[in-house]
Every structure is written in C-alpha cells, then in structure tokens.
Amino acid sequence: MPYNSHGLALAYPSRFEDRNLLRPSRILTLTLVVVLVVSGFNIAEAEWIFPITNPGVKVDSIYRYLVVRDTTMQKVFGAQILSLGDISGDGCTDVLICRNEGNNLIPNNAYLFYGGTTLDSVFDAEFLNFKSNMNKIGDVTGDGFMDFGMYLPEPSYQFFWGGHTFDDNFDFRIPSILSFTCRSGDIDSDGGLDIALSTDPNGGYVNIYRIDFLRDTLPEYVIPDTSTSFGNNIAVGDFNGDTYPDLAVSSNLDVHLDSSRIKFYWGGPDFDTIPDFVISRAIWGFGKIMMPIDDFNGDGYGDLFIGG
C-alpha cells in the first residue's frame with residue numbers, strides 16, 4: 001500500500017532476532033499502530049499488504065499485516081481505537097476504530113472489526129453515534145465486558161454497555177455533564193461503583209455518581225471547587241497505597257495565579273470532598289494530560305502520569 005494512502009497499519013510479529021534486544025525502539029518499529037491523514041471517498045476498508053522488514057532486526061515472520069484505510073476527506077481516522085474484548089464470542093479480541101469528531105458536515109462513523117484467526121478486509125459493523133472522546137470506564141454492569149462512556153456538547157454524558165449486544169444507542173445518560181472519561185471505582189467503599197464527571201472542563205463542579213445497578217442521575221457527592229478549569233481532567237487510581245481508589249482532579253489553566261494544580265481526594269470509608277493532597281506547578285497546562293499507570297515503580301502505590 002503506498003504511504004500516501006490513509007489508515008492504520010497493524011503488525012503481528014511472531015519472533016524477533018536482534019543483537020540489541022534491550023533497545024525497545026527496535027521492537028516498537030514492528031508493532032506500532034500508524035495513523036495517517038485521510039482524503040477522498042467516504043468509505044473504510046482493510047487490505048493485506050506484504051510485510052515491511054527493518055534491516056536492523058531479523059524478523060522470523062510477520063504472519064499478519066493488516067492495513068485499515070479511511071478515505072474520508074479531512075478526518076483523523078484512528079483518533080480513538082478501543083479494544084472491546086471478545087464481543088463476537090470467537091475467542092479473539094474485537095476493535096472499534098473512531099474518526100475525529102470535528103466537522104459535523106462529514107460523517108464521523110466508527111467501524112467495528114472482529115478479531116479472529118482468519119480475518120477479512122470488510123468491517124463488521126458501522127456506527128454513526130460514537131465520538132472520538134469515547135473511552136473505557138470499566139465493567140460497570142458486572143457481565144465481564146468492558147463498558148464505555150463519552151460526552152456530547154449538548155451537554156450530556158452517555159454510557160454504552162459492552163458485550164454481545166454492543167451498539168451505538170446509549171444505555172444510560174446523565175444530562176448537563178461535559179466531562180472527559182475516567183475509570184470507575186468504588187471511591188467511598190460502600191460496595192458500589194462510582195464515576196467522577198466534570199460539569200464543565202473549563203471550570204465547574206465535579207460530580208460523583210453511582211454507576212452500577214443502583215445508578216441514577218443524582219450525584220452522591222459534589223466537589224464545589226471554583227478554580228479556573230477545575231475538572232479539566234480527572235483520574236482514578238490507588239495513589240496512596242491503601243487499596244481504595246482515589247480521585248485526582250486537575251485545574252491546569254489558572255493563568256491569573258500562574259499555577260496549575262492537581263488535587264487528590266483519598267478514597268475509602270472516610271472519603272470527602274476536601275482535597276487531601278495538592279501538587280502545584282507554575283506551568284500553564286500542567287495536568288492537562290493525566291493517566292493512571294498503576295504501580296509503575298513497584299513500590300506498592302499507584303502512579304500517575306502527568307503531562308502539560
């Protein structure tokens with residue numbers, strides 16, 4: 001496939017031989033997902049191409065190499081790629097590939113590709129209502145499948161349950177919420193799953209909702225912080241090492257104070273809406289990106305990647 005075509009390249013190496021195996025960059029060149037710019041007709045398709053070899057690495061075999069192309073003009077195909085688990089029931093992981101949600105005049109379709117030992121070049125389902133801000137929230141329904149959430153500019157926040165009946169009709173909706181997605185967790189240790197959502201990422205209260213089978217649209221907790229851009233990003237993880245999921249909320253655009261803050265709220269039976277720990281940096285945008293990475297350094301505490 002010529003490189004001025006448009007899509008995602010997926011490589012599946014079976015064995016590597018290299019004198020410098022400790023250099024991860026050599027391995028990553030063979031397993032990288034490549035996102036290319038799109039133009040042309042309104043269609044998504046996939047095709048097989050010949051393996052690409054790297055002279056610095058001896059590859060015993062690349063037994064699958066699939067290119068998924070989107071040729072819709074001025075879209076970013078692969079703006080979000082989500083592993084759905086095995087929703088088709090064939091023992092292999094299935095994947096959803098979303099376009100960027102930008103220009104609403106052009107359809108922002110998302111495409112489902114079933115995994116399998118024998119693949120073909122045709123997407124298995126096409127969805128019209130998914131946006132590229134959709135992300136995983138955890139298995140909130142308890143059926144063994146990953147569930148998902150996304151916001152709409154109305155504003156509202158919609159939930160989609162994973163599984164064999166997965167589609168783009170929302171299963172639950174909370175109005176007046178404009179929030180990026182974080183994972184769910186039992187933040188107050190009452191036996192139910194919670195999810196923290198911002199009312200406005202440019203600055204607003206952060207609401208915490210119960211989202212398991214007792215879910216409703218009334219928040220269990222409200223964090224009434226009025227800092228500039230409070231709630232711009234939210235992360236959940238066990239950051240203090242007590243086995244309870246904790247909450248981190250950023251306010252990263254406070255240009256008047258020339259300081260960005262990430263406020264931590266320790267989870268557990270004594271959870272409250274008063275921050276227990278604050279990280280401040282005199283850097284505009286610090287905390288605009290936050291990603292919990294579990295115990296990265298092996299010290300028993302959950303770690304948090306912070307970018308800005």
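Note that this is a predicted model, so its numbers are computed, not measured.

Examining the sheet that holds strand 16 (residues 233-237)
Strand order in the open sheet formed by four strands is 16-17-18-19, and the pairing between neighbours is antiparallel. Each edge of the open sheet carries a strand with a single partner, namely strand 16 and strand 19 (277-281). For this sheet, the mean angle separating the axes of adjacent strands, direction not counted, is 15°. Pairing between strand 16 and strand 17 (residues 246-251): five bridges, direction antiparallel. What sits directly across from Val236, in strand 17, is Leu247.

Quick look at the confidence of the model for the protein chain
Of the residues in the protein chain, 71% have a pLDDT of 70 or more, and the chain-wide mean is 78. Here residues 12-42 is a poorly scored stretch, pLDDT under 50, and it has 78 contacts once near neighbours within four places are set aside; other chains count. A low-confidence stretch, residues 57-64 (pLDDT under 50), is modelled with 30 contacts involving residues beyond four sequence positions or located in other chains.

Overview of the sheet that holds strand 14 (residues 206-210)
Taken in spatial order, the three strands of this open sheet run 13-14-15, and their pairing is antiparallel. Each edge of the open sheet carries a strand with a single partner, namely strand 13 (194-198) and strand 15 (221-223). Between one strand axis and the next, the sheet turns by 20° as a mean value, whatever way the strands run. Where strand 13 meets strand 14, five bridges bridge the pair, whose relative direction is antiparallel. The partner of Ile195 across the bridge, within strand 14, is Tyr209.

Focus: the pattern of salt bridges
Working definition: two side chains of opposite charge can pair if their charged atoms are close together. Under the counting rule described, the total for this entry stands at five salt bridges. Taking the shortest distance from any N to any O, the salt bridge between Glu154 and Arg173 comes out at 3.2 Å. Residue Glu154 is located in the loop between strand 10 (147-152) and strand 11 (156-160), and its partner Arg173 is located in strand 12 (residues 172-175); the two are separated by 19 residues in the primary sequence. What makes Arg173 partly exposed here is its relative accessible area of 31%. Between Asp294 and Arg183 there is a salt bridge; the shortest N-O distance is 3.6 Å. Pair noted here: Asp294 is in the loop between strand 20 (289-292) and strand 21 (304-307) and Arg183 is in the loop between strand 12 and strand 13, with a separation of 111 residues, a long-range link. Assessed through its relative accessible area of 35%, Arg183 is described here as partly exposed. Ionic contacts of the salt-bridge type, sharing partners, join the residues Asp190, Arg210 and Asp212 into one network.

Conventions and cut-offs
Residues numbered from 1 in each chain as written. Predicted model: local features only at pLDDT ≥ 70, side-chain atom pairs only at ≥ 80, totals over all residues. Heavy atoms only, no water. Pairing = 2+ DSSP bridges. Helix = DSSP H or I, 4+ residues; strand = E, 2+ residues; numbered from the N terminus. Axes fitted to C-alpha atoms, helices over the stretch in contact; angles between N-to-C directions. pLDDT = per-residue confidence, 0-100. Contact = heavy atoms within 4.5 Å. Salt bridge = Lys/Arg side-chain N within 4 Å of Asp/Glu carboxyl O. Buried < 20%, exposed > 50% of the residue type's maximum accessible area, 1.4 Å probe, protein only.

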